[in-house]
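A look at the structure
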Amino acid sequence: MSSNGSLTRKLGFWSALAIAVGTTIGSGIFVSSGDVAKAAGIPSISILAWIIGGVIAIPQVMVLAELSTAYPQNGSGYVYLNKAGWRPLAFLYGWATFWALDPPSISIMALAIVAYTASFFPFFAGIAGKLLGVAIILIITAIHYRSVKAGGSFQVIITAVKIIPFIIVIVLGFMYMNFDNFSYTPAAGAASSSLIGGVSATTWAYTGMAAICFMAGEFKNPGKVLPKALISSVLIVLGLYTLLAVCVTGLMPFDKLMGSSSAVSDAVKYIPGLSGMASSFVAVTAIIVILGSLSSCIMFQPRLEYAMAKDGLFFQRFAKVHPKFETPSFSILAQVTFACILVFFSNLTELLGYFTLIQLVINILDFAAVYKCRKREDYNPIYRMPVWRITTILAIAGAGWLAWGTFTWAPVQGMIAAGIVIATGLPVYYYWERKYGSKNSNSSGNIVA
């Protein structure tokens, strides 16, 4: 084990790619295809929206690639905001993430897996389903608690498996598509087509690549691995989503696609041989896909609080590294315990969704942090993004667009949630800063090579 109780670098490129892709491709793709089609209005704009949605994510991962190779430490945005001199904001980011975002996302995904399982086994409705949700969380946690290498290997396998059903749909979709579907024209008086609306509807489906930055301190050769994995993941997801959008559009009439809340499932019904088992095929696919995202979240999310605790800005127990397994053991257990409790109070998760706005605003500041960090003497990134000022402006604009869309969806609730984070977080921040801040001013401590 490492001599100073820190996490060690054990993961390689394939684990990084699997975490980035596995986190990004979640349950959203099953729903968003219909939403994008409805917002876009016509097939060509709908497909173009998926392409632009992915292109928008490219400057964002380029900024993160530069920041993560300058500071290859666990903690992602917390580290970059801290280095930029925005320490209170860095703390509020982690504070909101722990209480309102990460454990709830674990419980939501576990309950989604249970919901699809219940379509095969109705017994798992009600309390039996909640117990199954907890069991799923605990089994995956056991893998990531015991070994970061085994966790990385599991993530590679589950991500590869989750892509297979999409490839099946794409291949069969190209074989059986009806090209007349692409020449759909809206009825007179129908809502006008909107490229901006279509792109907005894709943005959530493209979030998740930044997950690997939370574990930057545990990748071997991070200067090479992180940029390669970040940029590759965007291109893979962009290609997969675009091909899927083409196939779904080609398989089912566009007016039906616009009204579909489960577009992939409905499109599969138009494939000969799969039509009778479409709902079962998609339910199994969804279980695998969400399981991969759940595993990724249980793996990377606890690293944020670990980094904060090493820096004296979170409960000190969260900095504990297991002496044998070399994982942030207490941070993992605390997150999943909280998530398991939330499984039984799933109505709360709807309220906690309003806290997303503060995370999105801080994401904008994350990208802006590169302006401040570039002036620091210790800023020596191995990867430097091309035309950095323009790339950063594009990254901020993309993140701002998503934040604005979220704000307009629930402005009052979003502002109240932000107020709660500030009102509860700042007193705690100043307490911990007085008690521990001077002890360790370098976020996330040392990472052992």
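Scroll up to find the structure this text is about.
First things first, this report covers the structure right here in the doc. Keep in mind that this is a model prediction, so the values were computed, not measured.

Let's talk about the pattern of salt bridges
Within this structure, the stated rule accounts for eight salt bridges. Put simply, Arg-374 and Glu-66 hold a salt bridge, and the shortest N to O gap is 2.9 Å. Taken together, the positions of Arg-374 in the loop between helix 16 (356–373) and helix 17 (388–409) and Glu-66 in helix 3 (residues 43–70) put the pair 308 residues apart, joining distant regions of the chain. According to the relative accessible area criterion, Arg-374 is partly exposed, its value standing at 24%.

Some remarks on the packing of aromatic side chains
A complete count under the given rule lists 30 aromatic pairs for this structure. Plain terms: the ring middles of Tyr-145 and Phe-325 are 5.9 Å apart, the flat faces sit at 65 degrees to each other, and that makes the pair edge-to-face. Taken together, the residues span a long stretch of sequence, with Tyr-145 in helix 6 (residues 127–146) and Phe-325 in the loop between helix 13 (302–310) and helix 14 (329–343) at a distance of 180 residues. With respect to burial, Tyr-145 and Phe-325 carry one shared label: buried. With a centroid separation of 6.0 Å and 35 degrees between ring planes, the pair formed by Phe-315 and Phe-318 is classed as tilted. You can call Phe-315 partly exposed: its relative accessible area is 37%. Using a relative accessible area of 4% as the deciding quantity, one classes Phe-318 as buried. Aromatic rings pair up to connect Phe-91, Trp-95, Phe-98, Trp-99, Phe-314, Phe-315, Phe-318, Phe-330, Phe-338, Tyr-429, Tyr-430 and Trp-432 into one cluster. Seen from the ring of Phe-13, Lys-228 lies directly overhead, with NZ or CZ sitting 4.6 Å from the centre.

A short note on helix 8 (residues 195–202)
Of all the residues in helix 8, the buried ones are Gly-198, Val-199 and Thr-202. The buried residues of helix 8 occupy an angular sector of 95 degrees when projected down its axis, which confines them to one face. Where helix 8 is buried, its residues contact helix 2 (28–40), helix 3 and helix 17.

What about the packing of helix 3 against helix 9 (residues 222–251)?
The contact between helix 3 and helix 9 brings their axes to 9 Å, and the two run at 170 degrees. The angle between the axes of helix 3 and helix 9 places the two elements in the roughly antiparallel class. Taken together, the residues of the contact of helix 3 with helix 9 break down into 21 nonpolar, six polar and no charged.

As for the environment of Gly-198
Along the chain, the position of Gly-198 falls in helix 8. Looking at Gly-198, the relative accessible area reads 0%, which means it is buried. Separated by 140 residues in the primary sequence, Gly-198 and Ile-58 place their C-alpha atoms 18 Å from one another. Those residues in contact with Gly-198, other than ones at most four positions away along the chain, are Val-36, Ala-39, Ala-40 and Ala-49.

As for the environment of Gly-259
Locating Gly-259 in the fold gives a position in the loop between helix 10 (254–258) and helix 11 (263–268). Here the alpha-carbon distance between Gly-259 and Gly-77, two residues 182 residues apart in the chain, equals 38 Å.

Remarks on helix 2
Since the α-helix advances by 3.6 residues per turn, residues separated by three or four positions end up pointing in the same direction. Between its first and last C-alpha atoms helix 2 spans 17 Å; for 13 residues at 1.5 Å apiece the expected length is 18 Å, and the two agree. By the burial criterion, the buried members of helix 2 are Ile-29, Phe-30, Ser-32, Ser-33, Gly-34, Val-36, Ala-37 and Ala-40. Where helix 2 terminates, the next one or two residues include Gly-41, which has phi positive at roughly 90 degrees.

Examining a nonpolar patch on the surface
Taken together, the side chains of Ile-127, Leu-131, Ile-341, Phe-344 and Phe-345 define a hydrophobic patch exposed on the protein surface, amounting to about 500 Å² of accessible area. Looking at the secondary structure, you find Phe-344 in the loop between helix 14 and helix 15 (347–352).

Examining the state of the cysteines
Counting across every chain of the model gives zero disulfides. With no disulfide of its own, Cys-213 lies closest to Cys-373 among cysteine sulfurs, the gap being 13 Å.

Digging into the side chain of Ser-331
Structurally, Ser-331 can be placed in helix 14. The class of Ser-331 is buried, set by a relative accessible area of 0%. Here Pro-302 takes part through its backbone oxygen, which lies 2.7 Å from a polar atom of the side chain of Ser-331. Apart from residues lying up to four places away in sequence, Ser-331 is in contact with Pro-302, Glu-305, Tyr-306 and Phe-318.

Thoughts on unusual backbone geometry
Although it is not a glycine, Ser-76 adopts a positive phi angle of roughly 50 degrees. Along the chain, Ser-76 falls in the loop between helix 3 and helix 4 (77–83). Even without being a glycine, Glu-326 presents a positive backbone phi close to 55 degrees. Relative to the helices and strands, Glu-326 is located in the loop between helix 13 and helix 14. Given the relative accessible area of 9%, Glu-326 is considered buried.

How each quantity is defined
Residues numbered from 1 in each chain as written. Predicted model: local features only at pLDDT ≥ 70, side-chain atom pairs only at ≥ 80, totals over all residues. Heavy atoms only, no water. Salt bridge = Lys/Arg side-chain N within 4 Å of Asp/Glu carboxyl O. Helix = DSSP H or I, 4+ residues; strand = E, 2+ residues; numbered from the N terminus. Buried < 20%, exposed > 50% of the residue type's maximum accessible area, 1.4 Å probe, protein only. Phe/Tyr/Trp six-rings, centres within 6.5 Å; stacked < 30°, edge-to-face > 60°. Lys NZ or Arg CZ within 6 Å of the ring centre and 35° of its normal. Arc of directions from axis to C-beta. Contact = heavy atoms within 4.5 Å. Axes fitted to C-alpha atoms, helices over the stretch in contact; angles between N-to-C directions. Parallel < 35°, antiparallel > 145°, perpendicular 65-115°, else oblique. Nonpolar A, V, L, I, M, F, W, Y, C, P; charged D, E, K, R; others polar. Expected span 1.5 Å × (residues − 1). Patch = residues over 30% accessible without salt bridge, like charges linked within 9 Å, V, L, I, M, F, W, Y side chains within 5 Å. Areas by Shrake-Rupley, 256 points an atom, 1.4 Å probe, with all protein chains shown as cover. Disulfide = S-S within 2.5 Å. Polar contact = N/O pair within 3.5 Å; in protein donor to acceptor, adjacent residues only side chain to side chain.

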